[in-house]
Amino acid sequence: MKFAYRFSNLLGAVYRQGNLNFSKDGNAVISPVGNRISVFDLKNNSSETLPVSTTKNISCVGVSPDGNLAVVVDEDGAALLISLITRAVLHHFHFHKPVSSIRFSPDGRRFVVTKENVALMYHAPGKRREFNAFVLDKSYYGPYDETTCIDWTDDSKCFVVGSKDMSTWVFGAERWANLIYYSLGGHKDVIVGCFFEKDSLDLYTVSQDGTLCVWESDTELDGLVLRKTRDRPEDEEDEEEGTRTEGDQGEVIRGKVETPRERERTKNVRYKQISKHFFNKEGDFNNLTAAAFHKPTHILVTGFSSGIFHLHELPEFNLIHSLSISDQRITSVAINCSGDWIGFGCSRMGQLLVWEWQSESYVFKQQGHFNNMASLTYSPDGQYIVTGGDDGKVKVWNTNSGLCFVTFTEHTSSVTSVTFTSSGFVIVSASLDGTVRAFDLHRYRNFRTFTSPRPAQFSSLAVDVSGELVSAGAQDSFEIFLWSMQTGRLLEVLGGHEGPVSSLCFSPVQSILASASWDRTVRLWDMLDSWQVKETLPLTSDGLSVSYRPDGQEVAVATLNGEISFWNPQTATQTGSVSGRHDLQTGRKETDKVTAKQTAKGKSFTSLCYSADGESILAGGQSKFVCIYNVKEQLLMKKFEISCNLSFDAMEEFLDRRKMTEFGSLALVDDGTGDGDGVNISLPGVRRGDMSSRHFKPEIRVSSLRFSPTGRSWAATTTEGLLVYSLDGSLVFDPYDLDLDVTPASIRKQLRLQDWASAVVLAFRLNENALKQEVLETVPHEQIPLVCSSLPDVYVEKLLGFVASCLEKSGHLQFYLTWAQNLLMLHGQKLKNRSGSILPTLQALQKSIQRHFDNLSKLCDFNMYNIRYATALSKQRGLKRSAEEEEEDEDQSEEMSEASLEDAEMML
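The protein chain goes by PWP2 small subunit processome component in an unreviewed UniProt entry, where it is assigned to Amphiprion percula. Its UniProt record gives the protein chain the following Subcellular location (unreviewed entry) comment, quoted word for word: "Nucleus, Nucleolus". Reading the Sequence similarities (unreviewed entry) entry of the UniProt record for the protein chain gives the comment "Belongs to the WD repeat PWP2 family."

Below, the structure written as structure tokens:
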């Protein structure tokens, strides 16, 4: 179970390319990120990456109207049918050509796929089991160029397709007598969007040059007549052969020019253009790149290449508002079911925005690193992950929600390393801009900036256990700089290395700094003895990475020859080594002249990290594999393939021979230059956006690895993004001390006999999470101290770890806190003696308690202000009531006095 880590979440990237979709309730955004799908819950402010992936980057996603199914298509046309409920792949299919768009009908019975100049209508998969989930119903031919967009009428009777040949085609989904196909012109550029009006055949078409055409139909949806299949004239049958043919791939419908004879025979549906509007003002020219229309509210949203979007009310074309959200082109636009929230995706910046147009505020705003991520680190409690990228940004991610909540942009060049101090509230980052900066997580500001006397590019960073000493290694001057965190002053410059300093690491228990360099040495510097070199460890090759074991009794070093060597820092002797070059299994790049086997001789591990218990080590480098080795046995325990995305370079061991010619690989030909994005040559004076960007395939690699302090997960910064792998205990059956009499029936029998302690022990021997939770929650609250005191020592740590995991998700907060408190109070001294082994369990418990504390403290503060407001309001109302009662008493007394006077007068 120790190595049963599974892919958990993808952080660091929120959108790459493709179309955005909202969930059925409109509270979640479904976003394609590379070859994976991420779901962002806007209500609960959390994200989830589905455990499915395609072989290449996803180009389009279609979601069924009931929100249960999604069809995901990659760049090559390979499709996956995914259940959004079970997160499982239901069916594989291949369209054999790139697909531009996919759209389900509103009734959920069909979906249309556009590829090249064809629109293919399939029967949507239903609830019954089928051998072939994708059954082709009809093929529609009409446009002469590639199709771009689709829209359906509300009753699913017709659909419209836009094309790059500047035409729009309306097709009937059934055998309509008066509408088989209809072609619309009127545009001078590529059609970006075409939309039906609500419950009508009226159309809106939008083109790339910023033109909107409004089309009116002379027929209502109820006026569509089904074609009769019997008693047809022979000449009509002959003519229909030109339009409909039955084949192995379903019915084929071809658009053709209508003859006057056909026009007289039936009164076909006719369209006329009633108005034409232009988005671009005089002098401005922005390509319209994305559009979406919300039928109930008649709101049209259009995105442009300059990052501006417009909101118009149709058909009057009234501008509601216009806003610039980026300086790059808007790639995708989507509107949720209520029409309140608008989602925008910008592929070049990796941005995902959700805008509420009525209040003019952001509901969701996330952006990944623009370039590759270079480093990462976990906070001491495991709640946060900090990443540094080549774009000079430092981002802090919440591991529970998967979202970035703060970004620091003070660096002006690539961030090479980031780390937390032991307090967990200070982030330190090193950059190639010659500065090391410290950021405060309380006030979100840069409160310290460390610099060197001479400009230097810092490539490595380390902070000691106390958080007082900050060290950074320079790659150009071969020196190590030491600063004081409190004063910000430079304390010492450590010289002695004869090559660039590639990695630094402080001992977790002593003030000793280990530095690895390209001069084939690792030096141990004593911070308490005048910063002298305590030991020098000779290496067989250039040192690339160094890491201390959590107990400080061992040092691991990765070298350029692909080896990992283990050293005892006290005696400066080597205790073992692992040759990992064969485990990297690098692929062959498309530009490589040699095979992958020859290329692997030059590859090595560039990042190392010990697990929380120190028994295993995580290694990654210039490959798509991450390896876990057992340190004691020096054996490979497991390899993780971080990506299967063939859109990256160096993914396959052998090149595709079908793409090889006598002039080289066809994959190197940039045939997509200039398509859709405009001219790829930068013009003089261009200020907004770079039109000269080229298409390239990034190479897959792992730049940094870190284990979570809780030991339950590890993270890797890769070309694909920040990947998080965690232990999924619910899918692994791992019994402990199992016997024949340990069964669920015997455990429940002990519960009925109220023998709580033996029931808990038996449940942990069977080790099924659901049963363990059932047993714990059955134990009466007052019996918890007695059960904890009678537990054998071997089960105390297991129970504490299970309580920590339950506390994170369960709502029984006081109940599980009582378990944790009694376990720590009654067995505290024994646990303290084994503090090294149970440290990850205690950190997981601390993380759970801290999370609940943060949530409840906000809620309590909010309730406290509400109670104060309510009491102040009640006092004010009480004062008003007392004043009113006094007035009534005075009125009554006056009335009584007047009545008594009248009585006296009567008596007189």
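**Q** Explanation requested: the sheet that holds strand 19 (residues 203-207) in the structure shown.
**A** Either a parallel or an antiparallel arrangement is found when strands of a sheet pair, and the pairing is made through backbone hydrogen bonds. Taking strand neighbours across the sheet as the criterion, the four strands line up as 18-19-20-23 in an open arrangement whose pairing is antiparallel. Across the chains shown, the open sheet's two edge strands, defined by having one partner strand only, are strand 18 (191-196) and strand 23 (271-278). Across this sheet, the average inter-strand angle for adjacent strands is 20°, counted without regard to direction. Of the pairings in the sheet, the one linking strand 20 (residues 211-217) to strand 23 comprises seven bridges and is antiparallel in character. Pairing of tryptophan 215 across the sheet is with glutamine 273, part of strand 23.

**Q** Just to check I follow, could you spell out the nonpolar core for this structure?
**A** What tends to happen in soluble globular proteins is that the nonpolar side chains get buried as a cluster. With 37 residues, the main nonpolar core has Val760, Leu776, Leu799 and Trp819 as its most contacted residues. Where this core is concerned, the elements lending two or more residues are helix 5 (744-752), helix 6 (756-766), helix 7 (769-778), helix 8 (784-789), helix 9 (793-809), helix 10 (813-833) and helix 11 (835-907). Sort the elements by how many residues they give to this core and helix 9 lands first, with nine residues. Setting aside chain neighbours within four positions, we find leucine 776 in contact with Val760, Leu799, Phe802, Val803, Phe815, Tyr816 and Trp819.

**Q** Help me understand the sheet that holds strand 47 (residues 532-538) in this model?
**A** Spatial strand order, 44-45-46-47: four strands in an open sheet with antiparallel pairing. Among the strands making up the open sheet, the edge pair consists of strand 44 (501-506) and strand 47. With direction set aside, neighbouring strand axes in the sheet form an average angle of 20°. Bridge count between strand 44 and strand 45 (residues 512-517): five bridges; the pairing is antiparallel. Bridge pairing in strand 45 places leucine 504 opposite serine 515.

**Q** Is there a simple way to explain the environment of aspartate 741 in this structure?
**A** Within the element layout of this structure, aspartate 741 appears in the loop between strand 60 (722-727) and helix 5. Separated by 21 residues in sequence, aspartate 741 and leucine 762 place their C-alpha atoms 9.2 Å apart.

**Q** What should I look at first to understand the pairing of strand 5 (residues 46-49) in this one?
**A** The side chains of a regular strand alternate between the sheet's two faces. Side chains Ser47 and Thr49 of strand 5 all project onto a buried face; the interleaved residues Ser46 and Glu48 project onto a face where none is buried. A loop of four residues connects strand 4 (residues 36-41) with strand 5, the two strands running antiparallel in sequence, and asparagine 45 in this loop sits at a positive phi of about 55°.

**Q** It is not clear to me how the packing of aromatic side chains should be interpreted in this structure. Could you clarify?
**A** Think of a pair of aromatic rings as described by two things: how far the centres are apart, and how the planes are tilted against each other in angle. One pass over the full model with this rule turns up 38 aromatic pairs. Ring geometry for tyrosine 384 versus phenylalanine 405: centroids 5.3 Å apart, planes at 55°, classification tilted. Separated by 21 residues along the polypeptide, tyrosine 384 in strand 33 (residues 384-389) and phenylalanine 405 in strand 35 (residues 404-408) bring together distant segments of the chain. Residue class for phenylalanine 405 comes out partly exposed when judged on its relative accessible area of 36%. Connected via pairs of aromatic rings, a cluster forms that spans Phe93, Phe95, Phe104, Phe111, Tyr122 and Phe134. Over the ring of phenylalanine 625 we find lysine 639; its NZ or CZ atom is 4.4 Å from the centre of that ring.

**Q** Just to check I follow, could you spell out the pattern of salt bridges for this structure?
**A** Any two side chains of opposite charge can pair, on the condition that their charged atoms come close. Counted under the stated rule, the structure contains 21 salt bridges. Put simply, lysine 157 and aspartate 155 hold a salt bridge, and the shortest N to O gap is 3.8 Å. With a relative accessible area of 22%, lysine 157 lands in the partly exposed category. Taking the relative accessible area as the measure of exposure, aspartate 155 reaches 30% and is therefore partly exposed. By sharing partners, the salt bridges in this structure join Arg103, Asp151, Asp154 and Lys295 into a single network.

**Q** Would you mind showing me how to read the side chain of serine 713 here?
**A** Note on placement: serine 713 falls in strand 59 (residues 713-718). Taking relative accessible area as the criterion, serine 713 reaches 11% and is therefore assigned buried. A polar side-chain atom of serine 713 sits 3.4 Å from a polar atom in the side chain of tyrosine 378. Setting aside chain neighbours within four positions, we find serine 713 in contact with Tyr5, Tyr378, Phe707, Ser708, Val724, Tyr725 and Ser726.

**Q** Would you mind showing me how to read the UniProt feature "repeat: WD" (unreviewed entry) in the protein chain here?
**A** The residues that UniProt annotates with the feature "repeat: WD" (unreviewed entry) are residues 184-216, 366-407, 408-449 and 494-527. Each end of residues 494-527 is marked by a C-alpha atom, and these two atoms are 11 Å apart; helix forms 0% of the span and strand 56%.

**Q** Can you walk me through the pairing of strand 50 (residues 563-568) in this structure?
**A** Relative to strand 50, strand 49 (residues 555-559) is paired through four bridges, and the arrangement is antiparallel. By the bridge assignment for strand 50, valine 557 is matched with serine 565. Adjacent in sequence and paired antiparallel, strand 49 and strand 50 are bridged by three residues, among which glycine 562 carries a positive phi angle near 85°. Of the pairings in the sheet, the one linking strand 50 to strand 51 (residues 573-579) comprises six bridges and is antiparallel in character. Bridge assignment links serine 565 to a residue of strand 51, and that residue is serine 577. Taken together, strand 50 and the strand that follows it, strand 51, pair antiparallel across an intervening segment of four residues, in which alanine 572 is found at a positive phi of about 60°.

**Q** Looking at this structure, how should I read unusual backbone geometry?
**A** Glycine aside, negative phi is the norm for most residues, and most peptide bonds take the trans geometry. A cis amide bond, omega 5°, links leucine 314 with the succeeding residue proline 315. Along the chain, proline 315 falls in the loop between strand 26 (308-313) and strand 27 (318-324). In this model, glutamate 116 sits at a positive phi of 50°, which is unusual for a non-glycine residue. Mapped onto the elements of the fold, glutamate 116 is located in the loop between strand 11 (110-115) and strand 12 (118-123). According to the relative accessible area criterion, glutamate 116 is partly exposed, its value standing at 39%.

**Q** Honestly, the confidence of the model for the protein chain in this entry has me stumped. Any pointers?
**A** Predicted coordinates in areas of low pLDDT are best not read in detail. When pLDDT is averaged along the protein chain, the result is 83; 87% of the residues meet or exceed 70. Within the model, pLDDT remains below 50 along residues 672-683, and this stretch shows 20 contacts once partners closer than five positions in the same chain are excluded. A low-confidence stretch, residues 729-733 (pLDDT under 50), is modelled with nine contacts involving residues beyond four sequence positions or located in other chains.

The rules we used
Sequence positions are assigned chain by chain, starting from 1 and proceeding in written order. Predicted model: local features are reported for residues with pLDDT of at least 70 only, side-chain atom pairs are reported and counted for 80 or more only, and whole-chain, interface and lining totals are derived from all residues. Based on all heavy atoms of the structure, the side-chain values leave hydrogens and waters out of the count. UniProt positions are given in the numbering used here, feature names are shortened, and annotations may be inferred rather than shown by experiment. Pairs of strands are assigned from DSSP output, requiring at least two bridges between the strands. Under the scheme used here, helices are H or I runs from DSSP no shorter than 4 residues and strands are E runs no shorter than 2 residues, and both carry numbers assigned from the N terminus. Each axis is a line fitted through C-alpha atoms, taken for helices only over the stretch in contact, and angles between the N-to-C directions span 0 to 180 degrees. Put simply, a nonpolar core is a bunch of buried Ala, Val, Leu, Ile, Met, Phe, Trp, Tyr and Cys residues held in one set by side-chain atoms that sit within 4.5 Å of each other. Buried, partly exposed and exposed residues are distinguished by accessible area as a fraction of the type maximum, computed with a 1.4 Å probe on protein chains only: under 20%, between the cut-offs, and over 50%, respectively. We call two residues in contact whenever any of their non-hydrogen atoms come within 4.5 Å of each other. By convention, a stacked pair of Phe, Tyr or Trp rings (six-membered ring in the case of Trp) has centres within 6.5 Å and planes under 30 degrees apart, an edge-to-face pair has planes over 60 apart, and any other such pair is tilted. Comment: the charge-over-ring label is applied if NZ (Lys) or CZ (Arg) is within 6 Å of the ring centre and within 35 degrees of the ring normal. By convention in these notes, a salt bridge is any Lys or Arg side-chain nitrogen within 4 Å of a carboxyl oxygen on Asp or Glu. Contacts described as polar in this section are N or O atom pairs within 3.5 Å, which, within protein, must combine one atom able to donate a hydrogen with one able to accept it, while residues neighboring in sequence count only if both atoms come from side chains. A residue's pLDDT is simply how confident the predictor is in it, with values from 0 to 100.

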